[in-house]
Amino acid sequence: MKSFRKVLHFNLPSRRGLVNITKDVQKAVEESGICEGMVLVNAMNITASVFINDDESGLHQDYEEWLEGLAPEKPYSRYRHNGFEDNGDAHLKRTIMGRETVVAITDGQLDFGTWEQIFYYEFDGKRDKRVLIKIIGE
């Protein structure tokens, strides 16, 4: 069994943003030389998320509105976490959307269902963040 590690770096110019990273993950699979196995993709920061869903702009806007309804950014005083930081909402949004995703690799390709794509979702941007890609298999 082999393993392969790659890190993606992000520094989004806005507080929140959604990035389709499917091609980056597929490229890592190809670089790994692993044809059969699993890939773990996880946000290495507690205010960002990695998840799988459809790459459809209406759905992206639905996420934004839904998450903002559950954990609005303001007022900052709403969150006990906010003191030296103003990102209490970002921590809650990350908890809802999740930390990581795992995808099977078959014949050297990400083995997805129809319309599935991998996304990085930033909830507290404007600074350096990382996503870990860890691949194991043969």
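A brief report on the enclosed structure follows. Just so it is clear, the structure is predicted and the values come from calculations on it, not from any experiment.

### Some thoughts on the sheet that holds strand β3 (residues 37-43)
If you walk across this open sheet you meet the five strands as β1-β8-β3-β5-β6, and the pairing is antiparallel. Every other strand in the sheet has two partners, leaving β1 (2-10) and β6 (109-110) as the edge strands with one partner each. Taken together, the six bridges between β3 and strand β5 (residues 100-106) define a ladder with antiparallel strand orientation. In the sheet register, L40 faces β5, and the bridge partner there is V102.

### Focus: the pairing of strand β8 (residues 129-137)
By the bridge criterion, nine bridges tie β1 to β8 in an arrangement that is antiparallel. Across the sheet, residue V7 finds its bridge partner in β8, namely L132. When β3 meets β8, the two strands line up antiparallel, connected through seven bridges. Counted as the bridge partner of G37 is G137 from β8.

### Some thoughts on the nonpolar core
Grouped burial of nonpolar side chains is what soluble globular proteins tend to show. Membership of the largest hydrophobic core comes to 21 residues, with the highest contact counts inside it found for I21, V39 and V41. At the level of secondary structure, the elements contributing two or more residues to this core comprise β1, α1 (22-32), β3, β4 (48-53), β5, β7 (117-122) and β8. Ignoring any residue separated from it by four or fewer positions in sequence, one finds V41 in contact with I21, V25, V50, R99, E100, T101, I118, V131, L132 and I133. In terms of nonpolar packing, the next biggest core, distinct from the first, is built from eight residues, F51, Y63, A90 and F119 among them.

### Digging into α1
All of the buried residues in α1 are T22, V25, Q26, A28, V29 and S32. Seen from one end, α1 has its buried residues packed into an arc of 155°, which puts them on one side. Turned more than 90 degrees off the buried face of α1, the exposed positions are K23 and E30. After α1 finishes, the residue G33 shows a positive phi value of roughly 75°.

### Overview of the side chain of N87
Here N87 is to be found in the loop between α2 (57-70) and α3 (88-97). Relative accessible area serves as the criterion here: at 2%, N87 is assigned to the buried category.

### Quick notes on the packing of α2 against α3
The packing of two helices is summarised by the inter-axis angle and the distance between the axes. Direction vectors running N to C along α2 and α3 enclose 120°, while the axes themselves pass 10 Å from each other. Viewed along their axes, α2 and α3 adopt a mutual orientation that is oblique. For the crossing formed where α2 meets α3, the hand is right-handed. Counted together, Y63, W66, L67, E68 and L70 of α2 and K93, I96 and M97 of α3 form the full contact between these two elements. Considered class by class, the residues forming the contact of α2 with α3 number six nonpolar, no polar and two charged.

Calculation criteria
Residues numbered from 1 in each chain as written. Predicted model: local features only at pLDDT ≥ 70, side-chain atom pairs only at ≥ 80, totals over all residues. Heavy atoms only, no water. Pairing = 2+ DSSP bridges. Helix = DSSP H or I, 4+ residues; strand = E, 2+ residues; numbered from the N terminus. Core = buried A, V, L, I, M, F, W, Y, C linked by side-chain atoms within 4.5 Å. Buried < 20%, exposed > 50% of the residue type's maximum accessible area, 1.4 Å probe, protein only. Contact = heavy atoms within 4.5 Å. Arc of directions from axis to C-beta. Axes fitted to C-alpha atoms, helices over the stretch in contact; angles between N-to-C directions. Parallel < 35°, antiparallel > 145°, perpendicular 65-115°, else oblique. Left-handed = near helix turned anticlockwise from the far one by under 90°. Nonpolar A, V, L, I, M, F, W, Y, C, P; charged D, E, K, R; others polar.

Keep in mind that these numbers describe shape and distance, not what the molecule does.
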